[in-house]
Number of protein chains: 2
Amino acid sequence: METWMAQPDLDEIDVATVLQALADPMRLRIVRLLAEVEESTCTALDLPVKVSTVSHHVNILRHSGLVSTRIDGTARPSRLRRDDLERRFPGLLSAILTATPPRPQR
Amino acid sequence: METWMAQPDLDEIDVATVLQALADPMRLRIVRLLAEVEESTCTALDLPVKVSTVSHHVNILRHSGLVSTRIDGTARPSRLRRDDLERRFPGLLSAILTATPPRPQR
DNA sequence: GCTCTATTACGATGAGTGTCGTAATTTCCG
DNA sequence: CGGAAATTACGACACTCATCGTAATAGAGC
């Protein structure tokens, strides 16, 4: 049986909180990574910050409602709540994930 | 003839910068207000912070590409760049503006 | 020119938070 | 049982930034 960590229900998710979570560059990077690999743990994500920091960010992402985390032994693999987010804020997450990089000014 | 303040071109707008701009509660509130009134100056927006702070927030919103500001005498009325944003990040702004408030947990 | 108003520029300050290092906890496996 | 690995809890620190008060600037109208 699969056990999951606590997370907000669909209608508890606040768009302001989601935007605050996505505002940090490292967390936006994590979200983009999870969109590719479907599921990953904190250590498996190869990021230029310490694992304790990654864990901190993933916690914020989960509390905001962006990711859900499964309990698998000592591992805590997380995944994007794509369907949930699409139902709660239609078009929001997909717009961010498909966004084109900006043309550098000057 | 209408004069406008400097603002980023469409393809210069960065989604990360936009998300950072929208992450602040007061700025999100300003964006929601501008979505209703179509155009407003800093003083006309009735907000619980000093006008100098509102001006600061509107500057950030303009530099991020969210609003454009017209020069009209001493006044600087700003408006949401709805069409531009819709073309740059389809669905993003509308998803935020139409978002339902969260059901309070507990 | 003078005054009033709108806006911004500037410096200061206090709160928030991203990051780290370390320790503690938990689970897996030999 | 004992060690290794994954995660998190905790405290500390530096830096960002939202907010304010004040002053400076600029235009409108008398």
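Structure first, text after, so check above.
None of these values were measured; they are calculated from a predicted model. (Residues numbered from 1 in each chain as written. Chains lettered and ligands numbered in written order. Predicted model: local features only at pLDDT ≥ 70, side-chain atom pairs only at ≥ 80, totals over all residues. Heavy atoms only, no water.)

Asks: Would you explain the sheet that holds strand β1 (residues 3-4) of chain A in this entry?
Replies: Working definition: the strands of a sheet are paired by backbone hydrogen bonds and lie parallel or antiparallel to each other. Residues and elements named next belong to chain A. Sheet architecture is open: three strands sit in the order β1-β2-β3, paired in antiparallel fashion. Lying at the two open borders of the sheet, with one neighbouring strand each, are β1 and β3 (78-80). The pairing of strand β2 (residues 67-71) with β3 spans three bridges and is classified as antiparallel. For Ser68, the partnering residue across the bridge sits in β3 and is Arg79. The sheet contacts of helix α3 (residues 51-64) involve β2 and β3, and relative to β2 the element is tilted by about 115 degrees. (Pairing = 2+ DSSP bridges. Helix = DSSP H or I, 4+ residues; strand = E, 2+ residues; numbered from the N terminus. Contact = heavy atoms within 4.5 Å. Axes fitted to C-alpha atoms, helices over the stretch in contact; angles between N-to-C directions.)

Asks: What is the right way to read helix α3 (residues 51-64) of chain B from this model?
Replies: Because the α-helix completes a turn every 3.6 residues, residues three or four places apart line up on one side. Residue and element names in this part refer to chain B. The end-to-end C-alpha distance of α3 is 20 Å, a good match for the 20 Å that 14 residues give at a rise of 1.5 Å each. Listed in full, the buried residues belonging to α3 are Val54, His57, Val58, Leu61, Arg62 and Ser64. For α3, the buried positions fall inside an angular range of 165 degrees around the axis, keeping them on one side. Exposed side of α3, more than 90 degrees from the buried face: Ser52 and His63 are the residues found there. Turning to α3, the residues buried within the fold contact α1 (15-23), α2 (25-37), β2 (67-71) and β3 (78-80). (Expected span 1.5 Å × (residues − 1). Buried < 20%, exposed > 50% of the residue type's maximum accessible area, 1.4 Å probe, protein only. Arc of directions from axis to C-beta.)

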